[in-house]
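# Results of the structural survey
The chain contents come next:
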Amino acid sequence: MIHKLLKYLHQKALDYAIINGYEALFEDKSNIGDVDILFKKQDFLKIETILKGFCELEGFKIVQIYHQEVYAKNVFIFNPNTTHLLNLDIYGKLHRKHTAFFTESEVFNNLSTYKGMNILATHQEFFHYLIKKIDKNEVTNTTFNHLKSLYLKEGLCKTAIQRHFKNLSFLVIEAFEANNKNNLSGHIEALKKDIKVNSGLTLGYQIKNRFRILKRVLKPTGIAISFLGPDGSGKSTIINGLLDKTLPFRKTAYFHLKPIISNHEGESLATIEPHKYAPYSKLKSYVKLLFFIYQYNLGWIKNIWPSKIKSTLVIFDRYYDDLIVDHKRYRYGGSKIIAKLIRNFIPKPALYFILTTEAYIIYERKQEVELSELQTQIENYKVLADGKQYRHIDVNKSPNDIINDVYTILMEKMHERY
């Protein structure tokens, strides 16, 4: 996908520069990780429109835009045909810690190329990568050797070091000229403090940054999803498989049934014999529903909403809807109509994946309940499916096929935002 995007940018006469890691873009790998790409400020401000035009042309879909800084966005593009995900780290300034070490004209008037791809001038690539790795405490042997190869290519690397360090430029220069990695790795904290950075931010920048933060709060980039289905439908396998995929999120979070931190040991014991205990009385059952309203809403405010703001994929293994389908598991002895009514007061995930198939297939996998009861549960689960928020998945196929179905549906849901 990245090569198609770069071709599109050339056709549209849009200036860009791959910041680093461009060699890997020509390696034979399905997942190349993130691609750092720099645009001129004027093009960065309309980058979403540019990428939407590209996606419409190629049949791709934008599934995530994470605006991490005023002039930095993380954009994920999904290819429905291959299920591959392109992760773009897009910048409108070549900066670090709010400091632009090279001006826009310095960058775009001195671009180099690699196999027809625009890249930074060697000294600019060197210095940006150097301060990035110092800032992250990642001066490994591999990192140092790569930096040294860049340093030895271009004399302006030394000039950049002298220009942007206050007092310790000699340490950095000696590291590469004397092949002494310890000059970097052994003085990381001192070097961080020695890099010249902007002492303050303009009022305009601060205003834009506050609007960016407000937008993230009002329109979180995370999403909550739930997996429903009888015991033996493979929920745990599918959840683990989904987590192994490349996902357009910063983090993942797992909850069982409710949006609260719970005792997993107690839950696992309860599922050994889910229908062992008799239902509660109607009064106790209705009190339990009221307590559910309290738990779900408080847990959502405390745990789920902040996670979504932090661009987290929140996964629920079971949810309130399970009580309607399998009331015996939760010892609910009240009216099913009341239980459905209460659902209107429960915050809902954006997507529910209902995992079922023929009862006898699931029964062969796990015989927790009678076959007749399992059949009833499956029919009740299917009633929930509406093809929109509640999506039915037939689990009578390979785990990989199921995981890809879930992954594709999730990406389509993410795309609806854009």
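Above this note sits the structure.
Residues numbered from 1 in each chain as written. Predicted model: local features only at pLDDT ≥ 70, side-chain atom pairs only at ≥ 80, totals over all residues. Heavy atoms only, no water.

The next thing to look at is the overall build of the protein. Secondary structure assignment for the protein yields 19 helices and 14 strands. Principal axes of the C-alpha set define a box for the protein whose edges measure 80 × 40 × 40 Å. The 418 residues of the protein split such that 48% are buried. Pairs at least 24 residues apart make up 73% of the contacts formed inside the protein by residues separated by at least 6 positions. (Helix = DSSP H or I, 4+ residues; strand = E, 2+ residues; numbered from the N terminus. Buried < 20%, exposed > 50% of the residue type's maximum accessible area, 1.4 Å probe, protein only. Contact = heavy atoms within 4.5 Å.)

Let us now look at unusual backbone geometry. In this structure, Ala 13 takes a positive phi of about 55° despite not being glycine. With respect to the helices and strands, Ala 13 occurs in the loop between α1 (2-11) and β1 (16-18). Under the relative-accessibility criterion, Ala 13 is labelled exposed at 65%. Within the chain, Asn 179 stands out as a residue other than glycine whose phi angle is a positive 55°.

When you line up the elements, Leu 298 lands in helix α14 (residues 282-309). For Leu 298, a relative accessible area of 41% puts it in the partly exposed group. The spacing of Leu 298 and Pro 259 is 39 residues in sequence and 8.4 Å in space, taken between C-alpha atoms.

Before going further, it helps to spend a moment on the sheet that holds strand β12 (residues 312-317). Strand-to-strand pairing in sheets goes through backbone hydrogen bonds, with the strands running parallel or antiparallel. The strand order across the open sheet built from five strands is β11-β12-β10-β13-β14, with neighbouring strands paired in parallel fashion. Strands with a single pairing partner mark the edges of an open sheet, and in this sheet they are β11 (251-256) and β14 (390-394). Strand after strand, the sheet turns through a mean of 20° between neighbouring axes, direction not considered. Bridge count for β11 against β12 is six bridges, and the pairing is parallel. (Pairing = 2+ DSSP bridges. Axes fitted to C-alpha atoms, helices over the stretch in contact; angles between N-to-C directions.)

Compared with the 40 Å implied by 1.5 Å per residue over 28 residues, the 39 Å span of α14 between its first and last C-alpha is a close match. The sharpest bend along α14 reaches about 45° and sits at Trp 300. Ser 311 lies just past α14 and shows a positive phi near 60°. (Expected span 1.5 Å × (residues − 1). Bend = angle between axes of the 7 residues up to and from the residue.)

Time to look at the packing of aromatic side chains. In total, this model carries 26 aromatic pairs according to the counting rule given. With 5.9 Å between their ring centres and 80° between their planes, Phe 78 and Tyr 407 make a pair best called edge-to-face. Taken together, the residues Phe 78 in strand β4 (residues 72-79) and Tyr 407 in helix α19 (residues 399-415) connect sequence positions 329 residues apart. Judged by relative accessible area, Phe 78 falls into the buried class, the value being 1%. With 6.1 Å between their ring centres and 90° between their planes, Tyr 296 and Tyr 320 make a pair best called edge-to-face. With Tyr 296 in helix α14 and Tyr 320 in the loop between β12 and α15 (321-325), this pair connects stretches of sequence that are 24 residues apart. Judged by its relative accessible area of 1%, Tyr 320 is buried. (Phe/Tyr/Trp six-rings, centres within 6.5 Å; stacked < 30°, edge-to-face > 60°.)

Glancing now at the nonpolar core. Ranked by size, the top nonpolar core spans 36 residues in total, and within it Phe 126, Phe 127, Leu 130, Phe 165, Phe 176 and Leu 184 carry the most contacts. Only α4 (104-108), α5 (122-135), α6 (141-153), α7 (156-164), α8 (169-177) and α10 (188-194) provide two or more residues apiece to this core. With six residues, the single largest contributor to this core is α5. Ignoring anything within four residues of it in the chain, the contact list for Phe 126 reads Leu 147, Leu 150, Tyr 151, Cys 157, Ile 161 and Phe 176. In this structure, Ile 2, Leu 9, Ile 47 and Met 117 belong to the second largest nonpolar core, which totals 32 residues. (Core = buried A, V, L, I, M, F, W, Y, C linked by side-chain atoms within 4.5 Å.)

Turning to its location among the elements, Asp 43 is positioned in helix α2 (residues 41-44). The class for Asp 43 is buried, based on a relative accessible area of 5%. Apart from the residues lying within four places of it in its own chain, the contact partners of Asp 43 are Leu 14, Asp 15 and Ile 50.

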